[in-house]
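# Report on the structure
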Amino acid sequence: MPEDHIEDRLVSQTDRYTDSMARYHYALYTHLRDWFNFKMKLIVMDSYGYATANGSYNGLIGLLHSKEVELGISAVLIRHGRLKFVDYTAPTWLFCNPILFRHPKATAMPDALAQPFSAPVWLCCAACWLLVMVSLRFIVVLESRRQRTASDQTWSTACITIVEVIAEQEVFYPHHCAGAEVSHKWTSWRVLFLFALVQAVILNNYYGASLVSSLVAPSTKTIRTVEDLIKSSLKVGYVNVSYNHDFFKTSSNPLIKKLYSKKVFPSSNSKPNVFSREVAVKKIKEEAFAIQAEAISLYPLIEDQFDESEKCSLAEVNAFPPNTVYSIIQKGSPYKKLFAFGLRALWERGLMKRQLHLWRPSPPQCYGANEVPGVELGAISLALVLLAAGTVTALAILVVECQLSHDRCKTILNYYTFSGGH
């Protein structure tokens, strides 16, 4: 906040959610000023106060310790190192500093096509289809030998049969020689084939219903913890405020350190992902980005710039638990009990709650998106990868087959040429 006409700016209702914490505390102390009949001369600082290399404190706490000011109308977190420099009076504000982001849609994730079934279900299905394929081929081989009929007994035919059953397509039996039968008379083959079709119908119904419901139902919030955030595809940054630097710097939580090294300041970056509030909100809106900041500082911008569907996709992860901040005063000040009593009286009489409603913005409300979200490219990436892999494999096999065919023709030609020469 600019320093010129600072008192007028602190009480102005214009853009009242900018620096709302400072405006709120100034309003509290104006009540105390009227009660206790004192005057305030405001000094603006760029830092709440953090330890320096020589053990002293800068910012507001440094001013209080050097007795350049009598009290601080901004509240700070209780830290062990600060207790030797200042006294705390009373709690005034709940400081919430979560990581905000737009939760990725389930249908936009690369594994969206695999999500309807869990890993154990996929493994069980694969084992069942493998067993059916082996059993079908065994019956075909046994039937051909007992009935003395010609039929395609290759593994490729058995594999194609299973794929056609799963896809609920017409089953085609390729054959290599005249007289090969394209149907099987043994009841055992037909019973096994029938139950394989029934299983395919049941599984396909469950699979299709799950995919369709994921398109029309609200996205499930799967990113709930810091660990989930680390595993996600989201990039992470924070708003360029002094306490955010300090949170990451002083945290002893191994997950926070891992988040910082992998997402906030990865080795591929020349500097950490640090942004202004305006840029941070733009990144949340337009990119797969998560921003750590005091939530209320971003809420007004989100309210103005996000549409309904974007508001409904907002999610938060509390990397740093909410903390209560306290007003501070000079160490050993004779006014400590007086201001502690005054702040408690403001809380008891509802004046503190009134100022909170006036200056603290509420989270953006989700009233439901109007349109049904479309399927994004990421949702079908697995199918595209499988198609590309199959195409590349088929082309590679084609090259090998062409080479083998060329060599075979060359060998036959050489054989006849050699035979004709003699």
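Small disclaimer: the values here were computed from a predicted structure and weren't measured.

Parameters at a glance
- Residues numbered from 1 in each chain as written.
- Predicted model: local features only at pLDDT ≥ 70, side-chain atom pairs only at ≥ 80, totals over all residues.
- Heavy atoms only, no water.
- Pairing = 2+ DSSP bridges.
- Helix = DSSP H or I, 4+ residues; strand = E, 2+ residues; numbered from the N terminus.
- Contact = heavy atoms within 4.5 Å.
- Axes fitted to C-alpha atoms, helices over the stretch in contact; angles between N-to-C directions.
- UniProt positions renumbered as here; feature names shortened; annotations may be inferred.
- Patch = residues over 30% accessible without salt bridge, like charges linked within 9 Å, V, L, I, M, F, W, Y side chains within 5 Å.
- Areas by Shrake-Rupley, 256 points an atom, 1.4 Å probe, with all protein chains shown as cover.
- Salt bridge = Lys/Arg side-chain N within 4 Å of Asp/Glu carboxyl O.
- Buried < 20%, exposed > 50% of the residue type's maximum accessible area, 1.4 Å probe, protein only.
- Disulfide = S-S within 2.5 Å.
- pLDDT = per-residue confidence, 0-100.

### Overview of the sheet that holds strand β6 (residues 289–292)
- In space, the five strands of this open sheet follow the order β5-β4-β6-β3-β7, with mixed pairing throughout. The sheet terminates laterally at β5 (274–275) and β7 (314–317), the two strands that pair on one side only.
- Note: strand β4 (residues 235–239) against β6, four bridges, orientation parallel. Across the sheet, residue V236 finds its bridge partner in β6, namely A290.
- Helix α9 (residues 254–264) rests against β3 (99–102) and β4 of the sheet, and its axis sits at about 105 degrees to β4.

### Brief notes about the UniProt feature "transmembrane region" (unreviewed entry) in the protein
- Mapped onto this numbering, the UniProt entry gives "transmembrane region" (unreviewed entry) at residues 119–140, 191–209 and 377–400.
- Within residues 119–140, the helical portion is 100% and the strand portion 0%, while the C-alpha atoms at the span's ends are 32 Å from each other.

### Observations concerning a nonpolar patch on the surface
- Where nonpolar side chains cluster on the molecular surface, the patch consists of V191, L194, F195, V198, I202 and Y206 and spans about 620 Å² of accessible area.
- With respect to the secondary-structure elements, V198 resides in helix α6 (residues 187–216).

### Let's talk about the sheet that holds strand β8 (residues 323–330)
- Read from one edge of the open sheet, three strands run β1-β8-β2, paired in antiparallel fashion. Each of the sheet's edge strands pairs with one partner strand only, and the pair in question is β1 (71–76) and β2 (86–95). Each adjacent strand pair in this sheet contributes to an overall mean axis angle of 25 degrees, direction not counted.
- Inspection of the sheet shows β2 paired to β8 by seven bridges, in the antiparallel sense. Of the residues in β8, the one forming a bridge with L94 is T324.

### Structural notes on the side chain of K283
- With respect to the helices and strands, K283 occurs in helix α10 (residues 277–286).
- Taking the relative accessible area as the measure of exposure, K283 reaches 17% and is therefore buried.
- Contacts of K283, omitting those with residues within four sequence positions, involve F275 and F289.

### What about the pairing of β6?
- Of the two faces of β6, the one holding F289 and I291 and the one holding A290 and Q292 are both buried throughout.
- Bridging between β3 and β6 involves three bridges; their strand directions are antiparallel. When the sheet's bridge partners are listed, F101 is paired in β6 with A290.

### Quick word on the state of the cysteines
- Scanning the entire structure with this criterion turns up one disulfide.
- One disulfide bridge connects C312 with C366, the sulfur atoms lying 1.9 Å from each other. Disulfide C312-C366: the torsion about the S-S bond is 95 degrees, which places it as right-handed. Residue C312 is found in helix α12 (residues 308–312), and its partner C366 is found in the loop between α14 (351–359) and α15 (381–421); the two are separated by 54 residues along the sequence.
- Its relative accessible area of 22% is what places C312 among the partly exposed residues.
- On the accessibility criterion, C366 (41% relative accessible area) is partly exposed.
- With no disulfide partner, C125 has as its closest neighbouring cysteine sulfur the one in C128, 6.5 Å distant.
- On the basis of relative accessibility, which here comes to 10%, the residue C125 falls in the buried class.

### Focus on the environment of D304
- Locating D304 in the fold gives a position in helix α11 (residues 295–305).
- Note: C-alpha distance between D304 and P364 (60 residues apart in sequence) is 9.5 Å.

### Quick look at the confidence of the model for the protein
- The predicted model of the protein averages 84 in pLDDT, with 86% of residues at 70 or higher.
- Confidence drops under pLDDT 50 across residues 175–182; counting only partners more than four residues distant or on other chains, this segment forms 13 contacts.

### What about the pattern of salt bridges?
- Inspection of every chain in the model, using the stated rule, returns nine salt bridges.
- Ionic pairing is found between E227 and K231, a salt bridge with its closest N-O pair at 3.7 Å. Here E227 pairs with K231, and both are found in helix α7 (residues 226–231), just four residues apart, close to one helical turn.
- E287 is the salt-bridge partner of K283, the closest N and O atoms lying 3.2 Å from each other.

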